[in-house]
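Letter by letter, the chains look like this.
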Amino acid sequence: MSRRDNDVPRVAVLGAGSWGTTFGKILADGGAQVTMWARRSELAHEIAEGKRNSRYLPGINLPRSMTATHHLSEALADADQVYLSIPSQAVRQSLKAVRPLVARTDAPIVSLMKGVERRTGLRMSQVIEQELHCDPARIAVASGPNLALEIAREQPTAAVISSISQETADAVARRARNRYFRTFVNTDVIGTEFGGVLKNLIAVAIGIVDGVGYGENTKASIITRGLVEMTDFAVALGAHPETLHGLAGLGDLIATCQSPLSRNNTAGRLLGQGYSFQDVVKQMEQTAEGLASVAPVLQLARQVGVEMPIVEQVKMVLDGTMNPKDIAPHLTTDDDTPKGERTKNGQAGGGGALWRSLQRALDQFRHGGRGSEGDRP
């Protein structure tokens with residue numbers, strides 16, 4: 001691809017919501033020239049001229065090296081890397097317009113999205129591969145405990161960049177880091193993507209019980225057993241269990257479940273307060289990916305024989321067949337038969353295993369230490 005003045009790397013970020021704009025800031029603060037693509041021309045103008053995104057990131061000043069356009073061809077021109085931050089249920093249609101603009105390049109395509117396609121149950125990297133007709137080794141995904149507004153305020157955190165190609169993962173990780181944002185890498189795309197998907201479902205459950213008024217015991221039970229469900233599900237579909245105990249799994253789970261900044265937590269809280277699914281969707285200014293992912297995740301779970309009682313009950317609340325107040329007594333078992341705490345793969349569940357997982361995530365945050373096996377700086 002062509003080089004520009006002073007050899008400054010150029011990247012494109014498609015999608016100018018809170019996370020897309022925040023990731024654009026991460027990249028710009030790391031030394032790249034960033035062009036955002038916004039669907040609405042007025043938003044593109046505000047970012048390009050005012051260096052603000054007042055709707056999605058109020059109070060945040062954007063770097064001078066960020067610009068924006070509502071023309072895809074302008075955003076993608078000469079881009080060394082392309083980042084996608086589009087609602088998961090709209091990404092396939094959006095990629096049809098992207099395909100001819102990246103077909104003759106070798107730029108890595110990086111998914112910032114955390115969802116599965118409702119109709120097919122495919123992960124976002126799979127949808128990207130199908131629609132762009134590109135080598136899967138060119139695709140990477142980014143995931144971790146990444147609440148957009150906190151990062152936009154430059155509060156330090158970390159993320160995982162995953163690709164089946166170590167070279168691609170390394171190249172993206174080198175670009176997507178700066179003084180407040182640290183990136184690790186692995187090659188477990190399945191585990192990294194499903195970690196980002198599944199934690200949203202558990203966060204909806206946390207929001208529901210929070211809206212009902214239940215306390216910390218209930219939430220801790222959901223988080224702990226939720227990690228078991230996440231691990232069982234992801235491993236059954238080909239993930240490494242260690243990935244679910246790293247930044248893309250446990251780390252993201254903790255951040256999403258405990259923060260009012262989480263859209264999925266907020267959606268759950270509204271459900272717990274008695275709002276219907278339709279009312280919640282109307283009230284949410286941004287997409288809560290967990291709401292759309294519940295049904296396809298449960299369908300996949302049934303296909304591989306994995307029980308997910310917490311997620312099942314979230315779906316019942318969404319469908320209006322369970323009172324939110326009734327969700328807590330049924331969180332850990334679906335009948336009266338005593339059950340063991342370990343997961344099917346035996347990698348998590350006991351107190352020692354959970355503590356080791358927590359300690360591993362905390363080490364990554366505090367010391368930049370090694371995370372899950374395969375996650376390395």
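Residues numbered from 1 in each chain as written. Predicted model: local features only at pLDDT ≥ 70, side-chain atom pairs only at ≥ 80, totals over all residues. Heavy atoms only, no water.

Visitor: Quick question: what am I supposed to make of the packing of aromatic side chains here?
Guide: Centre-to-centre distance and the angle between the planes together describe a pair of aromatic rings. One pass over the structure, following the stated rule, counts 4 aromatic pairs. Relative to Tyr-83, the ring of Phe-23 has its centre 5.4 Å away and its plane inclined at 35°; by these criteria the two rings are tilted. Of this pair, Phe-23 sits in helix α1 (residues 18-29) while Tyr-83 sits in strand β4 (residues 81-84); the two residues are 60 residues apart in sequence, bridging distant segments of the chain. You'll find Phe-23 and Tyr-83 in the same group, each marked buried. Taken together, a centroid distance of 5.8 Å and an interplanar angle of 80° make the contact between Phe-23 and Phe-181 edge-to-face. Of this pair, Phe-23 sits in helix α1 while Phe-181 sits in strand β8 (residues 181-186), placing them 158 residues apart in sequence. The pair Phe-23 / Phe-181 is uniform in exposure class, with both members buried. An aromatic cluster is defined as three or more aromatic residues linked by ring pairs; in this entry it consists of Trp-19, Phe-23, Tyr-83 and Phe-181. The side chain of Arg-123 reaches across the aromatic face of Phe-194, ending 5.8 Å from its centre. (Phe/Tyr/Trp six-rings, centres within 6.5 Å; stacked < 30°, edge-to-face > 60°. Helix = DSSP H or I, 4+ residues; strand = E, 2+ residues; numbered from the N terminus. Buried < 20%, exposed > 50% of the residue type's maximum accessible area, 1.4 Å probe, protein only. Lys NZ or Arg CZ within 6 Å of the ring centre and 35° of its normal.)

Visitor: Help me out: how do you make sense of the packing of helix α8 (residues 189-212) against helix α12 (residues 263-272) in this one?
Guide: Two measures define how a pair of helices packs: the angle their axes make with one another and the distance between the axes. Relative orientation of the contacting elements α8 and α12 amounts to 40°, with a least axis distance of 6 Å. Considering their axes alone, α8 and α12 lie oblique with respect to each other. When the axes of α8 and α12 are compared, the crossing they make is right-handed. In contact with Asn-200, Ala-203, Val-204, Ile-206, Gly-207, Ile-208, Asp-210, Gly-211 and Val-212 of α8, α12 contributes Asn-264, Asn-265, Gly-268, Arg-269, Leu-271 and Gly-272. Per-class residue counts for the contact of α8 with α12 are 6 nonpolar, 7 polar and 2 charged. (Axes fitted to C-alpha atoms, helices over the stretch in contact; angles between N-to-C directions. Parallel < 35°, antiparallel > 145°, perpendicular 65-115°, else oblique. Left-handed = near helix turned anticlockwise from the far one by under 90°. Contact = heavy atoms within 4.5 Å. Nonpolar A, V, L, I, M, F, W, Y, C, P; charged D, E, K, R; others polar.)

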